[in-house]
Amino acid sequence: MNFLRSERVSASLLLAAAVLGLVIANSPIGHDLVEFKHAHLAVPFTGLDLSLGHWVSDGLLAVFFFIVAVELRRELVIGELNSFSKAALPAIAALGGVVAPALVFLAFAGAGPTADGWPIPTATDIAFALGVLAMFGRFIPTRVRVFLLALAVLDDLIAILIIAFFFTSDADLAYLGFAAITVTLFGMMSRLLSPRSPYVLARRAQWPVMVALWTLAVLTWSFVYLSGVHATIAGVMLGLVMSRRPAGRAVHSLEPLSNAVILPLFAFSAALVAIPAVRPSELDPAFWGILVGLPVGKIVGITLIGGIATLFVHRRTGIKPLTWSDIAMVGALGGIGFTVSLLMNELAFREYPEVADQGVVAVLIGSGIAIAISAVFVALRSRTYRRSGAAEGVGGPLAH
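Keep in mind that this is a model prediction, so the values were computed, not measured.

A. Just the pairing of strand 1 (residues 40-43), in detail. Pairing geometry for strand 1 and strand 2 (residues 48-51), over four bridges, is antiparallel. Across the sheet, the residue bridging to Ala-42 is Asp-49, located in strand 2. Taking the residues that link successive antiparallel strands as the turn, the strand 1-strand 2 hairpin has four residues, and the phi of Phe-45 there is positive, at about 65°.

As structure tokens, this is what we get:
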């Protein structure tokens, strides 16, 4: 199962699933499959009634966000974001990587009805970015890999906040209150599985706690969904409150499922759209905002803001600075939006299905351009480090 934890494998499966979805959607059976995706599946007596596509994007994708939240918490507590000096540079660069693509999008979309799609090109797909780095950057130093990981984690945090605040309306406070209760109970019960707990349970006695945790997790997801907040936020909440050691074990168990099933299934479902039969001049401005915002906005924002910030951070902390070339390489990798961009596209254009279809194509093309650019960047930088003998910690992909 370890190969399913590889960034290379995860990125390959994600890309293959997205391409397969786009190809099938534009084949003779595409229409029937799209209709099947929109078929509803209700759970009796619960108020849960979602289409199959939403069971994937709202339900299964919560597992991915749980993993992201656990990784975020780990980095904030014991990782590369556990102090201001460590977090300052990737945080500033991540902010630049959000603002610049949003401005590029708005430059195309203006104040029109699709301007709400500005968050779409701001996301970075952490799994895909690390996958490209692993494929082409064998000799990239560890400090550059760590910078990319920290930036991508912070980028995901910003994406989570955007989803929570900009894509939520008329939240039901009662259901949110129920979710808060179940999340609190989840966090408390998870501590029973921690080795440092005063109530350490024998391995055979842990299964009732595991059943209780799964029950509380499902209840939390249901309450968050019924509250009107996007249900993936439930995964974030659970990941942030779960005791660190049990959370690490949970991620170790769930990561193969996420990489091999959940993320490819979401990519396949999201890419299951017919390519719009329109001339380029008839495409919505949002299409061009996403297409340009991902590869261009990200690389400009991260390189410019991150490059300037590194000068000040180096002077104050004495930390060995990254070169402008390294930051530009990370900026190119940041333009691979994919998973989170596809999710934001779905949320932003719920009322404009035609624009949403164009947005999917724009995300795939924009991310594809970013993959090509970043692959060249990473290969060139890796070759430079190999020749100079300055490689640090070369070898396999960065461990999570």
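B. Examining the confidence of the model for the chain more closely. On average, residues of the chain score 87 in pLDDT, and 92% of them reach the 70 mark or higher. In this model, residues 390-400 is a region of pLDDT below 50 whose contacts with residues beyond four sequence positions or in other chains number 26 contacts.

C. Representation of the pattern of salt bridges within the structure. Applying the stated rule across the entire model yields four salt bridges. With a closest N to O distance of 2.6 Å, Asp-155 and Lys-298 form a salt bridge. In this pair, Asp-155 is assigned in helix 6 (residues 142-166) and Lys-298 in helix 11 (residues 285-317), connecting sequence segments 143 residues apart. Classification of Asp-155 by relative accessible area gives buried; the value is 1%.

D. Looking closely at the environment of Arg-244. Following the sequence through the fold, Arg-244 ends up in helix 10 (residues 244-270). Here the alpha-carbon distance between Arg-244 and Glu-71, two residues 173 residues apart in the chain, equals 9.9 Å. Those residues in contact with Arg-244, other than ones at most four positions away along the chain, are Arg-73 and Ile-78.

E. A look at the layout of surface pockets. The calculated volume of the second largest pocket comes to roughly 520 Å³. Contributing to the lining of the second largest pocket are 21 residues, with Lys-37, His-38, Glu-346, Ala-356 and Asp-357 lying nearest its centre. If you list the elements that add at least two residues to the lining of the second largest pocket, you get helix 2 (30-37), helix 3 (52-77), helix 10, helix 13 (338-348) and helix 14 (353-388). Sort the elements by how many residues they give to the lining of the second largest pocket and helix 14 lands first, with four residues. Class assignment for the residues of the lining of the second largest pocket results in 10 nonpolar, seven polar and four charged.

F. Structural detail: the packing of aromatic side chains. With the rule as written, the count across this model stands at nine aromatic pairs. Ring geometry for Trp-55 versus Trp-221: centroids 5.7 Å apart, planes at 20°, classification stacked. Here Trp-221 lies in helix 8 (residues 207-227) and Trp-55 lies in helix 3, a separation of 166 residues in the sequence. Taken together, the ring pairs in this structure connect Trp-55, Trp-221 and Tyr-225 into an aromatic cluster.

G. Broad picture of a nonpolar patch on the surface. Together, Ile-92, Val-296, Val-300, Leu-304, Ile-305, Ile-308, Leu-311, Phe-312 and Trp-324 make up a nonpolar patch on the protein surface, roughly 760 Å² of accessible area in all. No other element matches the seven residues that helix 11 contributes to the nonpolar patch.

H. Region of interest: the environment of Ala-129. Looking at the element boundaries, Ala-129 is found in helix 5 (residues 126-136). Every residue in contact with Ala-129, bar those within four places of it in the chain, is listed here: Thr-124, Leu-148, Leu-333 and Ile-336.

I. Focus on helix 1 (residues 7-25). Compared with the 27 Å implied by 1.5 Å per residue over 19 residues, the 27 Å span of helix 1 between its first and last C-alpha is a close match. Buried within helix 1 we find Glu-7, Ser-10, Ala-11, Leu-14, Ala-17, Ala-18, Gly-21, Leu-22, Ile-24 and Ala-25. In this structure, the buried side of helix 1 is in contact with helix 2, helix 5, helix 10, helix 13 and helix 14.

J. Main features of helix 2. Every buried residue of helix 2 is listed here: Gly-30, Val-34 and Lys-37. Projected down its long axis, helix 2 shows its buried positions confined to an angular sector of 55°, all on one face. Exposed and facing more than 90 degrees away from the buried side of helix 2 are His-31, Asp-32 and Phe-36.

K. The packing of helix 4 (residues 84-109) against helix 6, seen in detail. Viewed as axis vectors pointing N to C, helix 4 and helix 6 meet at an angle of 55°, and their least axial separation amounts to 9 Å. The angle between helix 4 and helix 6 falls in the class oblique. Of the two possible hands of crossing, helix 4 and helix 6 adopt the one that is right-handed. Residue-level inspection shows Ala-87, Leu-89, Pro-90, Ala-91, Ala-93, Ala-94 and Val-98 of helix 4 in contact with helix 6, the latter providing Phe-147, Ala-150, Leu-151, Leu-154, Asp-155 and Ile-158. Taken together, the residues that form the contact of helix 4 with helix 6 break down as 12 nonpolar, no polar and one charged.

L. Here's a closer look at the side chain of Ser-10. Within the element layout of this structure, Ser-10 appears in helix 1. Polar contacts involving the side chain of Ser-10 include one to the side chain of Asn-259, which spans 3.5 Å. Setting aside anything within four residues of it in sequence, one finds Ser-10 in contact with Ala-127, Asn-259 and Leu-263.

M. Local environment of unusual backbone geometry. Phi angles above zero are rare outside glycine, and Phe-45 is one such case at about 65°. Mapped onto the secondary structure, Phe-45 falls in the loop between strand 1 and strand 2. The exposure class assigned to Phe-45 is exposed, which follows from its relative accessible area of 91%. Of note, the phi angle at Phe-338 is positive, near 45°, even though the residue is not glycine. Assignment of secondary structure puts Phe-338 in helix 13.

Cut-offs and rules
- Residues numbered from 1 in each chain as written.
- Predicted model: local features only at pLDDT ≥ 70, side-chain atom pairs only at ≥ 80, totals over all residues.
- Heavy atoms only, no water.
- Pairing = 2+ DSSP bridges.
- Helix = DSSP H or I, 4+ residues; strand = E, 2+ residues; numbered from the N terminus.
- pLDDT = per-residue confidence, 0-100.
- Contact = heavy atoms within 4.5 Å.
- Salt bridge = Lys/Arg side-chain N within 4 Å of Asp/Glu carboxyl O.
- Buried < 20%, exposed > 50% of the residue type's maximum accessible area, 1.4 Å probe, protein only.
- 1 Å grid on protein atoms, 1.4 Å probe; cavity = no way out; pocket = protein on both sides within 12 Å on 5 of 7 lines; lining within 4 Å.
- Points joined across faces, edges and corners; volume = space filled by probe spheres on them.
- Nonpolar A, V, L, I, M, F, W, Y, C, P; charged D, E, K, R; others polar.
- Phe/Tyr/Trp six-rings, centres within 6.5 Å; stacked < 30°, edge-to-face > 60°.
- Patch = residues over 30% accessible without salt bridge, like charges linked within 9 Å, V, L, I, M, F, W, Y side chains within 5 Å.
- Areas by Shrake-Rupley, 256 points an atom, 1.4 Å probe, with all protein chains shown as cover.
- Expected span 1.5 Å × (residues − 1).
- Arc of directions from axis to C-beta.
- Axes fitted to C-alpha atoms, helices over the stretch in contact; angles between N-to-C directions.
- Parallel < 35°, antiparallel > 145°, perpendicular 65-115°, else oblique.
- Left-handed = near helix turned anticlockwise from the far one by under 90°.
- Polar contact = N/O pair within 3.5 Å; in protein donor to acceptor, adjacent residues only side chain to side chain.

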